[in-house]
Amino acid sequence: MIVCMLIMNLNKNSRFISSFVKPTTRKRAFLCWNKLKTCSSNISVYTASHNEHRETSLIESREKNELQRRSLLFDEAKKQQLADRVPRIEKIEVKYKGRVLTDDAVMFMNKNLSTPYHCAMHIGTGVANSSVLAVVTPSDAQSNSTSVSKVQTSHDGELVTTDPAKPEQLLWDIHSPLPFDCELQLLKFTMNNTLQWQHEQVNKAYWRTCSVILGAVVQEAFKENQKIGLLKIPEISVKSGAFCYDLLLDPGMRDWEAKEEDLVFMSKVARRIISRNLKFEKLELEAGTALEIFQEDEQKMNTISELLHKNGQDSSIPVYRFGEYMDIMEGPLISNTAHIFHYIVTALHQVSKETNTWRIQGLSLPEELKLHHSVWSVLENRARKLVTEDLPENCDHDTDKSKKFNMHRYESIENKTKNRSKATGQWLLKDWMTSAEKIDPTVSN
Amino acid sequence: MPRGFAHGNVFRKLGGHQRRMKLLKILVNALIKNERIETTFTKAHETQKYIHRLIDIAKQSTNDAYTKDMVGYWADDDSNKTKLFNVLVPRFAEHSGKYTRIAMLPTWHIKDIDDHKKMAVLELKGNPLPPLPVKEDNPHTLQNVLIAAAKNDWKAAKNTQSVSESSS
């Protein structure tokens, strides 16, 4: 135990472990330290005056340790997968299809190591920075069917031609490695008018990333003694006007109503997360490691078991990590939070009183598609209403409670998160207010 | 700052009041007849405002003295008058607002000349000629999808409101 304490830094907020220690001992030391801390918190030797402060700070550190433990396990799993898949470096052929014929390129990249982002960097930094999703078509299917280009069968005197099997177009995250020969297309937020499917996929992926960030915001915003279960991200189209996350809040908060200040606070918390320019890393974990990571979270265990039930007991579970936060998510996500420009939390609605499920909604737009504040406020007002797209019709939510905050016409939640220069009062572009306190001050349960 | 440039608006003199009126009348008639004309940018920008107003007046389809005066002055020819009421008004029946489009023509070959004029093409929307290579808004990007959805919501709300008003 003493060895552990020597190895770890005693500062409770530091994540940086001394680098001259071997990784395996580091991990063991950290897990021992974790146990020590939790044991010590159970032994109550507090003075009366410092009781509350000590308690909350210990709860805080417990959360932080939990997150650190998870990311350590994630790192371990990642390293192991790399070691399994790359005993020695093999090459794959990647055909990049650009906007115009002259942009096409053929590249030899490393199997299971190089990502679409690396391919883009070979072409140019502009392409690499502006691309957000990748469409990958594995070329194995094509090579099989070149011999059978068209089959002509005479059936009742008519010639019937069957086309060769179309290779699947897979959506790929930009930062996840490529395992086979393929053709690559990089998608941006604004492309040609005619490419509707591509735009739809990019918009869906963007909506998903924003919901995932909402999950992290919820974890950060509420006090630690509140139990919050993140239920799921409902499948909602972009046209409904807001991205959502379904939550299970503390049973003591049944009669709570979200006020404007709470929403502004949560937007600032979101800004703090987004401003760190976090990459979204994907890993396909086995069921065992996933259960180990999400040990202490009931809801996540439920989602894991549901996924296993749906896809079969041996399927892998896709887990995304950004910074310290992790979430289980199926579809592809945006590469980096640096692409986000507008981001606000617009509403917290109580969907049903019996089961205490709530829905948190938000609105966001990327850097390339900024809006004027007048148009933005119109969209914001729309996003404040409860999104009922995937809720059953006879849901018992209050539709009469129209949450009209006492806001002037030109006020919006976003305006309250902007930093303005003290001299001129103008908004210093891209300078947003971030909240430093971890605890939601108005939630006083 | 001269009054004509305040608030980003441009009030052009175009050679004097009388001359300006005659010029604009000619241009409006030409636009109604040909549906696509090529002039300088300033003249096209001015006729846009008058054509929008004229079509709005014609759409109201009231037979009072004001409409008769206006249509009588601006759509001079008989053929233009009939075209305005029989072709353009039904074409723009559901279209609210801007009925024309301006496309700028290239200037690289005339920039070195001192008194070069920026030429533009002014056309009525929905005309049967092959389309101009003007960059239209991309309806599939995220912000346009959201705005279109918000517009539909607002329209639906307005319809239900009007229905309830008419029924009550």
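Residues numbered from 1 in each chain as written. Chains lettered and ligands numbered in written order. Predicted model: local features only at pLDDT ≥ 70, side-chain atom pairs only at ≥ 80, totals over all residues. Heavy atoms only, no water.

**Some points on the nonpolar core**
Then step 1. With 68 residues, the main nonpolar core has Leu247, Met266, Phe322, Tyr343, Leu348 and Ile360 of chain A as its most contacted residues.
Then step 2. Sort the elements by how many residues they give to this core and helix H7 (residues 196-221) of chain A lands first, with 12 residues.
Then step 3. Not counting the four nearest positions on each side in its chain, Met266 of chain A is found in contact with Val217, Ala221, Val345, Leu348 and Ile360 of chain A.
Then step 4. Residues Ala75, Leu84, Val89 and Leu122 of chain B belong to the second largest nonpolar core, which totals 22 residues. (Core = buried A, V, L, I, M, F, W, Y, C linked by side-chain atoms within 4.5 Å. Buried < 20%, exposed > 50% of the residue type's maximum accessible area, 1.4 Å probe, protein only. Helix = DSSP H or I, 4+ residues; strand = E, 2+ residues; numbered from the N terminus. Contact = heavy atoms within 4.5 Å.)

**Examining the pattern of salt bridges**
Residue and element names in this part refer to chain B.
Then step 1. Taken as a whole, this structure holds 25 salt bridges over all chains when the rule is applied.
Then step 2. Between Glu35 and Arg91 there is a salt bridge whose closest N-O contact spans 3.0 Å. Of the two residues, Glu35 is situated in the loop between helix H1 (17-34) and strand S1 (36-40) and Arg91 in helix H4 (residues 78-91); the sequence distance between them amounts to 56 residues.
Then step 3. Owing to a relative accessible area of 7%, Glu35 belongs among the buried residues under this scheme. (Salt bridge = Lys/Arg side-chain N within 4 Å of Asp/Glu carboxyl O.)

**Structural notes on the sheet that holds strand S3 (residues 133-138) of chain A**
Residues and elements named next belong to chain A.
Then step 1. With mixed pairing, the 5 strands of this open sheet are ordered in space as S2-S1-S7-S3-S6. Whereas interior strands pair on both sides, the edge strands pair on one side only; in this sheet they are strand S2 (105-110) and strand S6 (170-172). Strand-to-strand twist of the sheet, defined as the mean angle between neighbouring strand axes without regard to direction, takes the value 35°.
Then step 2. Two elements, S3 and strand S7 (residues 182-187), share 6 bridges in a ladder whose sense is antiparallel. Looking at S7, one finds that Val136 is bridged to Leu184.
Then step 3. Sheet contacts for helix H4 (residues 116-123): strand S1 (91-96), S2, S3, S6 and S7; angle to S2, the most-contacted strand, approximately 135°.
Then step 4. Sitting on the sheet, H7 touches S3, S6 and S7, and the angle it makes with S3 is about 125°. (Pairing = 2+ DSSP bridges. Axes fitted to C-alpha atoms, helices over the stretch in contact; angles between N-to-C directions.)

**Overview of the interface of chain A and chain B**
Then step 1. The partner chain B presents 13 residues to the 22 residues of chain A that form the contact.
Then step 2. Summing the contributions of chain A and of chain B, the shared interface buries around 1,400 Å²; its carbon and sulfur component is 71%.
Then step 3. Counting the surface chain A buries against chain B, the share from its top three residues, Asn193, Leu379 and Arg382 of chain A, is 33%.
Then step 4. Counting across the chain A and chain B interface gives 1 salt bridge.
Then step 5. The shortest N-O distance in the salt bridge between Arg382 of chain A and Asp153 of chain B comes to 2.7 Å.
Then step 6. Put simply, chain A and chain B have 5 residue pairs in polar contact (both at pLDDT 80 or more) between them.
Then step 7. Secondary structure elements with two or more residues in the side of chain A that touches chain B: H7, strand S14 (357-366) and helix H11 (373-383) of chain A.
Then step 8. For the side of chain A that touches chain B, the class distribution of residues is 12 nonpolar, 8 polar and 2 charged. (Buried area = accessible area lost by both parts, 1.4 Å probe. Polar contact = N/O pair within 3.5 Å; in protein donor to acceptor, adjacent residues only side chain to side chain. Nonpolar A, V, L, I, M, F, W, Y, C, P; charged D, E, K, R; others polar.)

**Re the packing of H7 of chain A against helix H5 (residues 142-167) of chain B**
Then step 1. In contact at an axis separation of 10 Å, H7 of chain A and H5 of chain B are set at 85° when each is read in the N-to-C sense. One element, H7 of chain A, and the other, H5 of chain B, form an angle in the roughly perpendicular class. Here H7 of chain A contributes Asn203, Tyr206 and Trp207 of chain A to the contact with H5 of chain B, which in turn contributes Leu142, Val145 and Leu146 of chain B.
Then step 2. Class assignment of the residues belonging to the contact of H7 of chain A with H5 of chain B gives a composition of 5 nonpolar, 1 polar and no charged. (Parallel < 35°, antiparallel > 145°, perpendicular 65-115°, else oblique.)

**Concerning the packing of aromatic side chains**
Then step 1. Overall, the coordinates contain 12 aromatic pairs over all chains when judged by the stated rule.
Then step 2. Between Tyr73 of chain B and Trp74 of chain B the ring centres are 5.2 Å apart and the planes differ by 85°, which places this aromatic pair in the edge-to-face class.
Then step 3. Judged by relative accessible area, Tyr73 of chain B falls into the partly exposed class, the value being 35%.
Then step 4. Exposure remark for Trp74 of chain B: the relative accessible area of 9% places this residue in the buried category.
Then step 5. The side chain of Lys418 of chain A reaches across the aromatic face of Trp427 of chain A, ending 4.2 Å from its centre. (Phe/Tyr/Trp six-rings, centres within 6.5 Å; stacked < 30°, edge-to-face > 60°. Lys NZ or Arg CZ within 6 Å of the ring centre and 35° of its normal.)

**Thoughts on the pairing of strand S12 (residues 325-328) of chain A**
All names here are of chain A.
Then step 1. Neither face of S12 is exposed, since Tyr325 and Asp327 on one face and Met326 and Ile328 on the opposite face are all buried.
Then step 2. As paired elements, strand S11 (residues 317-322) and S12 share 4 bridges and run antiparallel to each other. Paired with Val319 across the bridge in S12 is Ile328.
Then step 3. Here S11 folds back onto S12, and the loop between the two strands holds 2 residues, one of which, Gly323, carries a positive phi near 65°.

**Some thoughts on the confidence of the model for chain A**
Then step 1. Per-residue confidence for chain A averages 77 on the pLDDT scale, and 73% of its residues sit at or above 70.
Then step 2. Below pLDDT 50 for its whole length, residues 9-18 of chain A participates in 16 contacts with residues either more than four positions away or in separate chains. (pLDDT = per-residue confidence, 0-100.)

**What about unusual backbone geometry?**
Then step 1. Phi is positive for Asn112 of chain A, which is not a glycine, with a value near 60°.
Then step 2. Tracing the backbone shows Asn112 of chain A in the loop between S2 and H4.
Then step 3. Judged by relative accessible area, which is 13%, Asn112 of chain A ranks as buried.
Then step 4. Backbone geometry places Leu14 of chain B, a non-glycine residue, at a positive phi of 55°.
Then step 5. In this fold, Leu14 of chain B is placed in the segment before H1.

**A word on the sheet that holds strand S3 (residues 119-124) of chain B**
Residues and elements named next belong to chain B.
Then step 1. One open sheet holds the 3 strands; their spatial order is S1-S3-S2, and the pairing between them is antiparallel. Only two strands of the sheet have a single partner each, and these edge strands are S1 and strand S2 (100-104). Between one strand axis and the next, the sheet turns through 25° on average, direction left out of account.
Then step 2. As paired strands, S1 and S3 are joined by 5 bridges and run antiparallel to one another. By the bridge assignment, Glu38 is partnered in S3 with Val121.
Then step 3. The sheet contacts of helix H2 (residues 41-60) involve S1, S2 and S3, and relative to S2 the element is tilted by about 170°.

**Here we look at H7 of chain A**
Then step 1. Helix length check: H7 of chain A (26 residues) gives 37 Å between terminal C-alpha atoms against 38 Å at 1.5 Å per residue, within 8%.
Then step 2. Most of H7 of chain A is tucked away: 21 of the 26 residues are buried. (Expected span 1.5 Å × (residues − 1).)

**Topic: the confidence of the model for chain B**
Then step 1. Confidence in the prediction for chain B averages 89 pLDDT; 97% of positions are at 70 or higher.
Then step 2. Put simply, H5 of chain B is where chain B has its lowest mean pLDDT, 89, and H1 of chain B is where it has its highest, 95.

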